[in-house]
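Each chain, written out:
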2 protein chains.
Amino acid sequence: MSSSITGTKKHLRFMQQAFLLAEQAYDEEEIPVGAVIVKDNHIIGKGYNQSERLADATAHAEMLAISAACSTLEEKYLQDCTLYVTLEPCPMCAGALVWSKIDTVVYGAQDANAGSCGSAFNLSTNDKLNHQINVIQGIMEDDCEHLLQSFFEVRR
Amino acid sequence: MSSSITGTKKHLRFMQQAFLLAEQAYDEEEIPVGAVIVKDNHIIGKGYNQSERLADATAHAEMLAISAACSTLEEKYLQDCTLYVTLEPCPMCAGALVWSKIDTVVYGAQDANAGSCGSAFNLSTNDKLNHQINVIQGIMEDDCEHLLQSFFEVRR
């Protein structure tokens, strides 16, 4: 088996975990985004959007996953870690990911309005900042996009 | 007294509170940045950089102040609020401030490397995003800058 097939299988496996968290957000009437952070094939942090429940605009899935992963590692840097997230990170989350020195971000759906790994802004590979992130896009893209569309159609 | 003098006095008064928090960060061997959030002339949230102590790269002064203010108001939006912060917000913090729909950001020192209220990036008044922030810069600029310079000279 080639390493790229192994890579895709691994990406699918962990994006499915992020997707389950996005579905949990949906069930709790939050914008459905989920994230997991993986190191050495283990999930070391996870989160789903809880802006409404926590009444905190910073409580995005990625922010909660970063804090959880830092807590697991007892370390402020997430070197050799990969974030799987169902939606392209916004400026806040992409900024946080740069500061955390995370190795790779794998995301599902693109965000043309605020996506900051290339769509609306590029913070992930910006040479003004002191760290650049590998970005892989489009894993489970349709599923992630449909879940978001369905949320906005039903609830808003 | 003209309203602009009143405005400057008010800005100085609250920036001094943010500066005291930056000094507290300095004493705890953290990069010295402090922030307070003000509504109706009352501080409703405050924070200083705790990235080292909390081992969390997201624990910037502004993020902690936003979460504290949201908790005080039991509300995810910080409408009619002003953030006073000793250093120009980074992409993560500026992104968070946009999502919080804060009215105004007053900052001390500029950050040419990562400042996201106009210096390195412009997230505060970017029409791609769904909220724009009033930005006032340069209040206690020299004090804020000297504190940071002194930290980096002594500790690194």
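Residues numbered from 1 in each chain as written. Chains lettered and ligands numbered in written order. Predicted model: local features only at pLDDT ≥ 70, side-chain atom pairs only at ≥ 80, totals over all residues. Heavy atoms only, no water.

### So, the relation of the copies chain A and chain B
No. 1: Rotating chain A by 180° and moving it 0.0 Å along the rotation axis overlays it on chain B with an RMSD of 0.0 Å. Both copies are brought into coincidence by an operation consistent with a two-fold rotation axis. Judged by C-alpha distance, Met92(A) is the residue of chain A that lies nearest the rotation axis, at 1.9 Å.
No. 2: The share of interface residues of chain A whose copies in chain B are also at the interface is 100%, consistent with both copies meeting through the same surface. (Least-squares fit on C-alpha atoms with pLDDT ≥ 70 in both. Contact = heavy atoms within 4.5 Å.)

### Quick word on the side chain of Gln50(A)
Residue and element names in this part refer to chain A.
No. 1: You can see Gln 50 is positioned in the loop between β2 (42-48) and α2 (61-73).
No. 2: Relative accessible area serves as the criterion here: at 12%, Gln 50 is assigned to the buried category.
No. 3: Residue contacts for Gln 50: discarding those within four places in its chain leaves Glu 30, Ala 55, Ala 59 and Leu 64. (Helix = DSSP H or I, 4+ residues; strand = E, 2+ residues; numbered from the N terminus. Buried < 20%, exposed > 50% of the residue type's maximum accessible area, 1.4 Å probe, protein only.)

### Let's talk about the interface of chain A and chain B
No. 1: Listed as interface residues are 29 residues of chain A and, on the opposing side, 29 residues of chain B.
No. 2: Of the roughly 2,300 Å² buried between chain A and chain B on both sides combined, carbon and sulfur atoms contribute 69%.
No. 3: Viewed at the interface, chain B and chain A are joined by two salt bridges.
No. 4: Salt-bridge contacts for Glu52(A) lead to Lys76(B); the nearest nitrogen and oxygen are separated by 2.7 Å.
No. 5: Across the contact surface, chain A and chain B share six residue pairs in polar contact (both at pLDDT 80 or more).
No. 6: Contributing elements (two or more residues each) for the side of chain A that touches chain B: α2 and α3 (91-99) of chain A.
No. 7: Ranked by the residues each element gives to the side of chain A that touches chain B, the list is headed by α3(A), at five residues. (Buried area = accessible area lost by both parts, 1.4 Å probe. Salt bridge = Lys/Arg side-chain N within 4 Å of Asp/Glu carboxyl O. Polar contact = N/O pair within 3.5 Å; in protein donor to acceptor, adjacent residues only side chain to side chain.)

### Let's talk about the UniProt feature "binding site: Zn(2+)" (unreviewed entry) in chain A
No. 1: In the numbering adopted here, UniProt assigns the feature "binding site: Zn(2+)" (unreviewed entry) to His60(A), Cys90(A) and Cys93(A). These annotated residues cover 34 residues of sequence, and their C-alpha atoms all fall within 9.3 Å of one another, placing them together at a single site.
No. 2: Note that His60(A) resides in the loop between β2 and α2.
No. 3: If near-sequence neighbours (up to four positions away) are discounted, His60(A) is found in contact with Asn49(A), Ser51(A), Cys90(A), Met92(A), Cys93(A) and Trp99(B).
No. 4: Tracing the backbone shows Cys90(A) in the loop between β3 (82-87) and α3.
No. 5: Beyond its immediate chain neighbours, meaning those up to four positions away, Cys90(A) contacts His60(A), Glu62(A), Ala114(A), Ser116(A) and Trp99(B). (UniProt positions renumbered as here; feature names shortened; annotations may be inferred.)

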